[in-house]
Amino acid sequence: MPLAACGQFCATNILSANLISCQTLLRKAASGGAKALFLPEASDYISTSPEETLKLCVPAVESVFVRGLQEEAKRLALPVNVGIHEPTLDGKKDRVRNMSIWIDERGEIVERYQKLHVFDVDIEGGPKIVESRTTEPGSVITPPFDTVVGKLGMLICFDLRFPEPSLQLRRLGADIISYPSAFTIPTGQVHFEILLRARAIETQSYVFAAAQIGKHNERRSSYGHTMIVDPWGKVVAECSRVKVGDVPKPAGDVEPEICFAEVDASLLERVRREVPLKRRFDVYPEV
Ligand SMILES: O=C(O)CNC(=O)[C@H](CS)NC(=O)CCC(=O)C(=O)O
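The written sequence of each chain sets the order in which its residues are numbered from 1. Reporting of local features is limited, given that this is a predicted model, to residues whose pLDDT is at least 70; pairs of side-chain atoms are given and counted only at 80 or more, and all residues count toward the totals for whole chains, interfaces and linings. Side-chain descriptors were evaluated using all non-hydrogen atoms of the structure, hydrogens and water having been removed beforehand.

## Notes on the packing of aromatic side chains
Paired rings are identified among Phe, Tyr and Trp, the last through its six-membered ring, by centres lying within 6.5 Å, and are further divided according to the angle between planes into stacked (under 30 degrees), edge-to-face (over 60) and tilted (the rest). Tallied over the entire structure, the rule returns 9 aromatic pairs. Their ring planes at 85 degrees and their centres at 6.0 Å tell us that phenylalanine 281 and tyrosine 284 sit as a pair that is edge-to-face. Relative accessible area decides the class of each residue, using a 1.4 Å probe on protein chains only: under 20% of the type maximum gives buried, over 50% gives exposed, and in between gives partly exposed. Given the relative accessible area of 33%, phenylalanine 281 is considered partly exposed. Owing to a relative accessible area of 38%, tyrosine 284 belongs among the partly exposed residues under this scheme.

Right, dumping it as structure tokens:
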């Protein structure tokens, strides 16, 4: 059974420092025997303002972060799924693409997914975040593809709240769905685990959610609670989280963390055989 790893850390607006945290996680994953590593959303940087989000965004080939990660993946022959920012394809510099990419064991970027749902919220006593100011929503689902740990479908963070794309990925053959994330603390504390387990149970698939944790800057903190959920809905691996009443640690005090789980093809087969989910598209619309 292949072993997979999910990493957790606290990104800031310093790409080279974020790279060092991720390189540490790659080495920990490889030395722990993982065949692939999953890293959080926006691992390249978390900015302090919308202007800075645009300013820090460069093509992957020019990104200190992405290139450094590709080199380390190649050196360790360890495939990596990671969330990054990329410029839009229209060449305008007014918005970015929030991406999840797959770097293979040769260090090549071979798959890409652009986040479909942008996070525009205004929560009482909590954050007001308008992702659409800086981020162009994607318009396609990337079909699941073969990896050393199983057939992988990619979504990102807030996409987790929408069951439709995960069901579509399952229908297209996914065995694993990954949600690189940077959930806010108030929403994460109440929603993150439930949503991840629901997606795993209803798709009867593994769910990998590598998440950011801690205080990125004065305006932004993340909940953490990186986890791997099996197709029965059980949390089989997890990292730390910001509990109710906790003060999030500043980035400099957050130790990168990692968790591991085996991907059991026989469990996928058994859950799907024992509990067949025959849909009633004669009664409700097919999604
Ligand atoms: O800002 C960046 O650079 C990267 N993007 C993110 O961190 C995004 C948009 S702000 N965060 C989420 O989607 C959190 C979702 C969430 O917390 C929820 O659904 O409750």
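## Some words on the UniProt feature "domain: CN hydrolase" (unreviewed entry) in the chain
When the UniProt feature table is mapped onto this chain, "domain: CN hydrolase" (unreviewed entry) is found at residues 1-265. The annotated region residues 1-265 carries 25% helix and 26% strand content, and the separation between its end C-alpha atoms amounts to 8 Å. UniProt positions are given in the numbering used here, feature names are shortened, and annotations may be inferred rather than shown by experiment. Put simply, DSSP H or I for four residues or longer makes a helix, DSSP E for two residues or longer makes a strand, and each gets a number counted from the N terminus.

## Some thoughts on the side chain of threonine 147
Its place among the elements puts threonine 147 in the loop between β7 (128-130) and β8 (152-154). Two N or O atoms count as a polar contact when they lie within 3.5 Å, although within protein this holds only if one can serve as hydrogen donor and the other as acceptor, and sequence-adjacent residues are included solely when both atoms are side-chain atoms. A distance of 3.1 Å separates the side chain of threonine 147 from the backbone nitrogen of valine 149, its partner in a polar contact. Here the side chain of threonine 147 touches glycine 150 through a polar contact of 2.6 Å, landing on its backbone oxygen. Whether two residues are in contact is decided by their heavy atoms: any pair within 4.5 Å suffices. In contact with threonine 147, not counting residues within four places along its chain, are Trp102 and Leu152.

## So, the pairing of strand β3 (residues 80-87)
Burial within β3 is extensive, with 7 of its 8 residues counted as buried. Strand pairing is defined by DSSP finding a minimum of two bridges between the two strands. Strand direction decides the pairing type here: β3 and strand β4 (residues 96-103), joined by 8 bridges, are antiparallel. Across the sheet, residue asparagine 81 finds its bridge partner in β4, namely tryptophan 102.

## Brief notes about the packing of helix α1 (residues 15-31) against helix α3 (residues 64-76)
The angle between two axes is taken between their N-to-C directions and runs from 0 to 180 degrees, where each axis is a line fitted to C-alpha atoms and a helix contributes only its stretch in contact. At a minimum axis separation of 9 Å, α1 and α3 run at an interaxial angle of 15 degrees. By the angle between their directions, the pair α1 and α3 is classed as roughly parallel. The two elements α1 and α3 cross, and the hand of that crossing is right-handed. Contacts from Leu15, Asn18, Leu19, Cys22, Gln23, Leu26, Arg27 and Ala30 in α1 reach Val64, Phe65, Gly68, Leu69, Glu72, Ala73, Arg75 and Leu76 in α3. Classification used: nonpolar for Ala, Val, Leu, Ile, Met, Phe, Trp, Tyr, Cys and Pro, charged for Asp, Glu, Lys and Arg, polar for all others including Gly. Taken together, the residues that form the contact of α1 with α3 break down as 10 nonpolar, 3 polar and 3 charged. Orientation labels follow simple angle bins: below 35 degrees gives roughly parallel, above 145 gives roughly antiparallel, 65 to 115 gives roughly perpendicular, and whatever is left gives oblique. In a left-handed crossing the near helix is turned counterclockwise from the far helix by less than a right angle, and in a right-handed crossing that turn is clockwise.

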